[in-house]
Each structure stands twice: as C-alpha cells, then as structure tokens.
Amino acid sequence: MLLTRLAEVSREVAATAARSRKTALLAQLFREAGAGDVPIVIPYLAGRLPQGRLGVGWKVLGRPVPPAAEPTLTVREVDARLGELGEVAGPGSQAERSRIVGELMGAATEAEQRFLLGLLTGEVRQGALDAVAVEGLAQATGAEPADVRRAVMLAGSLQTVAEALLGEGPAALERFRLTVGRPVLPMLAHSASSVAEAVEKLGACAVEEKLDGIRIQVHREGGRVRIHTRTLDDITGRLPEVTAAALALPGERFILDGEVISFDAAGRPRSFQETAGRVGSRTDVARAAAEVPVSPVFFDALAVDGRDLLDLPFAERHAELSRLVPEPMRVRRTLVSGPEDTPRAERFLADTLARGHEGVVVKGLDAPYSAGRRGASWLKVKPVHTLDLVVLAAEWGHGRRTGRLSNLHLGARTADGGFAMLGKTFKGMTDAMLAWQTGRLKELAVEDDGRVVRVRPELVVEIAYDGLQRSTRYPAGVTLRFARVVRYREDKRPEEADTVQALLAAHPEAGT
DNA sequence: TTCCGACAGTGGGGTCGCAAT
DNA sequence: ATTGCGACCCCACTATCGGAA
C-alpha cells in the first residue's frame, strides 16, 4: 500500500466531525491493506509508531526538504526506514537520524510529508486515535467492538490484536485473556469536586488515600516479577524494593495494582518530584535506591493464584487483596455506607491530607475493574486552591485554537511592585472565553513575535491549581501544579492580585 | 577529556466541545 | 442528560548527544 493513501484517509478523517464516518473511513482502509501492511497501517492511522521511541523531534527533523512530485513511497518502505532510525545510537547518531529522516521526507509528496510530520511529532490531530481505530478494526473484521476493545485492554496493544484478528478472524479474540506476566491497561479515575458529591454518586463505597507517586502494576509468576507503569513500560529494573516486596508475599501468581512512593525518615510522603526522579533513574539504581528508597502500596488485585478477578465487584477483589497483602503495603481506607455517612468520608479526607497525601479516591464497591478506561466508579477528590493572578503574555493557539490567544503566562505581584511569572495555562477556557481574551489581550499588547504576545499587566484572572512545585525555570523558585482558569476578574485591578510572598506563606510544604 | 546546554521521552495532569448513547 | 474521546498544552525529571572548554 502506498503512503499517499494513508495521508489521504487521515486528511479525510480530520475533515469529518462524525465519529461514525471516521470509523467507516478507517475500516475501509484497514480492509484495503493486505496482511503484510496491516500491522503498519493500523498503528499509523491510530497516530502512533510501532517502533515507539525513535529519537526524532523538531531538531532532528531539521529544515523542511523539497517534496517529491509523485507519490512512490510504500508503507513498508517507510516502516523499514523508521526502523533504521531506532537502530542508530552513539556518537554521530543524531546527524545520522537527521540524514535518514531527510531522505525519507525528500521521497514524500507534500501531503505525505504533512502526515509523516504529524506521526513523528505525535501530533496527528485527525480526531481519531486508538479508540476510533478499535471501532474501525471491529468494523473491518466483523468483530464486536466491545470484544475488540476488551482484547486490546488485555493485550495492552492494538497492534497485537489487529494482527490476530486480521489473520484469523473474530475467533482469535478468545486468545486474549488476562494473563499473569502480560500487562493490562490500568483503570483510571474521574474527578469529583467534593467527597459529598462522590459519595452521593456512588452510594456504598470505599474511600482510599490517594498517594502522589507513580502508578505500578506488579506481576509475579513464581520467582519472576515484572513491574509496569501506567503506559505499560517495564520498569522492573529500577525498582528492586518492589520486586523484593512482591517476592515476599505469600502467593505465586498474581497481578496487583498500586502506587510506588517514597517516604522520608519520619514516614511522611516525599514530594512527587523526588519520587518521580527516583523512579526515572536508570543508570545507577543502587545509589538512587539508597538515597530515595521507595515502597509499593497496593489498592487492587487483578489476579490472585492465577485467577482472573477483573469482573468481580471491587469489594471481592479487595478481599482477595487483603488476604495476599499485609496492611502496611495496602493503601489506607475507610468504608462509607452511603450519603448519610458522608462525615466519615470527610474526616478521612482531612486525616489523609494531614498525613501529607494528595487527596482521596472514592470507589464504588460493586464495580468491576474497567481496564483501560476512566471508570465512573473511581472518583478522585483533591483540594483545590485558587489565586488571582495577572496575565503577563499569551501564546497563539494551534489546531482548533488557531487565531486565538490560548496559553496564558501568569504572574503574581512581587515586593518591588512588579510581577513574577509563576507558570502558564491553557486549561479551563470555554470558546467564549478564548474569543473574549483574544480581543482583550490584543488591546493590551505591547509586542508580538508571532508566537508570544506580551501585554501590559492589567488583566486579572482567577486560577485554580493543585499546589506548588519547586522550579528552576521561574524567578520565584516555584511554579503552579495543574493551573487552570476559573474566570476573569474584571472587578479587580492588578494591584489587588495575589503576591508571591503570600503564595509561599500559604504553602510552607513547598520548602523554599 | 570533561563539562554543560539542548533535545527527546516519560511521569504526573484538568477542562472543554462534540458525537453518540 | 450523561459518557467517552480527542484536543488543548503544562512542568519536572533523566538520559543522551554534541559541541565548548
């Protein structure tokens, strides 16, 4: 199959709004692709590269090269060239990658170049990624979409399922069962604004502490332990403590879901930055482990004694977890009978925060484990802080925000009457707000370099955020975590905005 | 040879709009 | 009405490469 066909379908998919039409377009293309091309075509149209990391970004891509006049590239050729990219390493590799990419781009037409660029930079923007590709795959093969989705969750990979399905037909889906040793996409949580709201929605529930660490899925089969992240990366080698803990448990074949986090000598959780830095260390794990030891803390069991627990109610899965994992290695929790019992949930949240944790996750007791989804039965509740900050500048948006000023630079007042930038945000704005702020900020503009528009610091905006992080990037030494716009405060003048000093005083735990 | 800056990739994430249910 | 998905981009961290010292 020619690459130009993929580029064409991707453009069509991007141009249509209806999901059903996107699905139909993808299904048609999957049918056209022969058995040899399908393993490449499906990931490409789902916006991902089968090879994973290639070491190609805007720098390696370099300057645009003149496009070819005629489409001649086949998807298999492209796949082979990109495969080469993953192979090169060591001195001179960056230049070599640039050369390969340049050659590939030179052989591509303008439309193909656009498609490849999106693929390589992870910005396909066709409004159809994995989930829509799954639907298309189901349609192309006559399988039930729900069965395909489940197989993808259990296999942890769309590609594997696609190959089996196209080779053997819908019967192949049977093969994809929960297997100890093969990672499964984890269940995710939605947000709720208060425990009262969460308990109201879920009724009888468990309220669990939410630890601010890294999500882990631990598989043990006999003496073999594997640890995976949320995106199913294998990080076993970086977490010897977790491997040891799993081997010490009185079970031979299990899959556990939990969090890995670092506690200080006093037993308080270290900052997310410290835990994440430790988990990210690969070169000298022994030293990293000595400096920042981590502990696994589990909250769910997907399999015990090789038995698949996914479809059991959470209450039963947790009972299995409790049998296998001793208390300190499980998250703390309390059971709440329903809305009338909300005060208990609120006390538990207050206690959890006092112990230095992020918040709580409220979980319905009846719900199965929804692998790979944001199940409505897990609701996280975290305290939200707000500040009135001043817009210092804004960046021009992309995609559906093209032509709108989108990403705001936020400043707090300093002692000398100026403003210190604390970070940026593009979140929380409605289309109406985007339109309004674009007009207002243009009035205040003092400079536009085509990317960033600097403005007179006069517009006050209310910002919600989850806390402070240490920063080497910003002058105050801190930045806001997960900042988002709540509303504009036209009733406030910049002199009334919050100060850096007050912010630091409000977050002594940031330790600056 | 060693150091340091820039780049790539990965972790954590919230909210909106739209299509589908 | 509600749900699911994709788009919108953030910041911090580590590893690696490439060029400067």
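Being a predicted model, the structure only gives us computed values, none of them experimental.

When the terminal C-alpha atoms of helix α17 (residues 431-444) are compared, their 20 Å separation across 14 residues agrees well with the 20 Å that a helix rising 1.5 Å per residue should span. Considered for burial, the residues of α17 that qualify are M433, L434, Q437, T438, L441 and L444. Buried residues of α17 fall within an arc of 135 degrees about the axis and therefore sit on the same side. The exposed set on the far side of α17, more than 90 degrees from its buried face, consists of A432, K442 and E443. Contacts made by the buried residues of α17 are with β11 (385-396), β12 (405-413), β14 (445-448), β15 (452-455) and β19 (484-488).

As a further point, take the packing of aromatic side chains. Per the stated rule, a full pass over the model turns up three aromatic pairs. Centroid distance Y369 to W378: 6.0 Å. Interplanar angle 80 degrees. Geometry classified as edge-to-face. One exposure class covers both Y369 and W378, and it is buried. Where W436 meets Y488, the ring centres are 4.9 Å apart and the plane angle is 55 degrees; that geometry is what we call tilted. Placement of the pair is W436 in helix α17 and Y488 in strand β19, with a sequence separation of 52 residues. Classification of W436 as partly exposed rests on a relative accessible area of 30%. For Y488, a relative accessible area of 13% corresponds to the buried category.

A separate point is the protein's contact with DNA strand C. If you check the shell around DNA strand C, you find 39 residues, and the closest are G92, R125, G127, F426 and Y474. A distance of 3.4 Å is found between a phosphate oxygen of DNA strand C and a backbone nitrogen or oxygen belonging to A131. When the residues that make up the surface near DNA strand C are grouped by side-chain class, the tally is nine nonpolar, 19 polar and eleven charged.

Judged by pairing direction, the sheet is antiparallel, and its five strands sit side by side in the order β4-β3-β5-β6-β7 without closing on themselves. The sheet is open, and its two borders are formed by β4 (224-228) and β7 (307-308), each paired with just one other strand. Bridge analysis of strand β5 (residues 253-261) against strand β6 (residues 295-304) gives eight bridges, and the strand direction is antiparallel. What sits directly across from V260, in β6, is P296. The sheet contacts of helix α15 (residues 314-324) involve β5, β6 and β7, and relative to β6 the element is tilted by about 120 degrees.

A few words on the UniProt feature "active site" (unreviewed entry) in chain A. As recorded in UniProt, the feature "active site" (unreviewed entry) lies at K210. Inspection of the secondary structure puts K210 in strand β2 (residues 205-210). Those residues in contact with K210 that sit more than four places away from it in its chain are H357, E358, G359, V360, V361, K380 and K382.

Bringing the protein's contact with DNA strand B into the picture now. Lining the immediate surroundings of DNA strand B are 33 residues, of which S20, G55, W58, T229 and T231 lie closest. What you see for DNA strand B is that sugar and phosphate hold 87% of its atoms within 4 Å of the protein. A distance of 3.0 Å separates a sugar or linking oxygen of DNA strand B from a polar atom in the backbone of R19. Here a phosphate oxygen of DNA strand B sits 2.7 Å away from a polar atom, N or O, in the side chain of T229. For the surface near DNA strand B, the elements supplying multiple residues, two or more each, are α2 (19-32), α4 (58-61) and β3 (214-221). Ranked by the residues each element gives to the surface near DNA strand B, the list is headed by α4, at three residues. The residue makeup of the surface near DNA strand B, split by class, is eleven nonpolar, nine polar and 13 charged.

Mapping K22 onto the fold places it in helix α2. Within the structure, K22 has its side chain in polar contact with the backbone oxygen of T16 (distance 3.0 Å). With sequence-adjacent residues up to four places away left out, K22 is seen in contact with V13, T16, A17, Q126, G127, A128 and V132.

Moving on: the sheet that holds strand β9 (residues 359-364). Strand order across the open sheet formed by five strands is β1-β10-β9-β2-β8, with mixed pairing between neighbours. Both outer strands of the open sheet, β1 (188-191) and β8 (333-336), are each paired with one neighbouring strand and no more. Taken over all neighbouring pairs, the strand axes of this sheet differ in orientation by 35 degrees on average, direction set aside. Across four bridges, the pairing between β2 and β8 is antiparallel. If you follow V207 over to β8, its bridge partner there is T334. Running at roughly 155 degrees to strand β10 (residues 374-381), helix α11 (residues 195-202) makes contact with β2, β8, β9 and β10 of the sheet.

Conventions we followed
Residues numbered from 1 in each chain as written. Chains lettered and ligands numbered in written order. Predicted model: local features only at pLDDT ≥ 70, side-chain atom pairs only at ≥ 80, totals over all residues. Heavy atoms only, no water. Helix = DSSP H or I, 4+ residues; strand = E, 2+ residues; numbered from the N terminus. Expected span 1.5 Å × (residues − 1). Buried < 20%, exposed > 50% of the residue type's maximum accessible area, 1.4 Å probe, protein only. Arc of directions from axis to C-beta. Contact = heavy atoms within 4.5 Å. Phe/Tyr/Trp six-rings, centres within 6.5 Å; stacked < 30°, edge-to-face > 60°. Near = heavy atom within 4 Å. Polar contact = N/O pair within 3.5 Å; in protein donor to acceptor, adjacent residues only side chain to side chain. Nonpolar A, V, L, I, M, F, W, Y, C, P; charged D, E, K, R; others polar. Pairing = 2+ DSSP bridges. Axes fitted to C-alpha atoms, helices over the stretch in contact; angles between N-to-C directions. UniProt positions renumbered as here; feature names shortened; annotations may be inferred.

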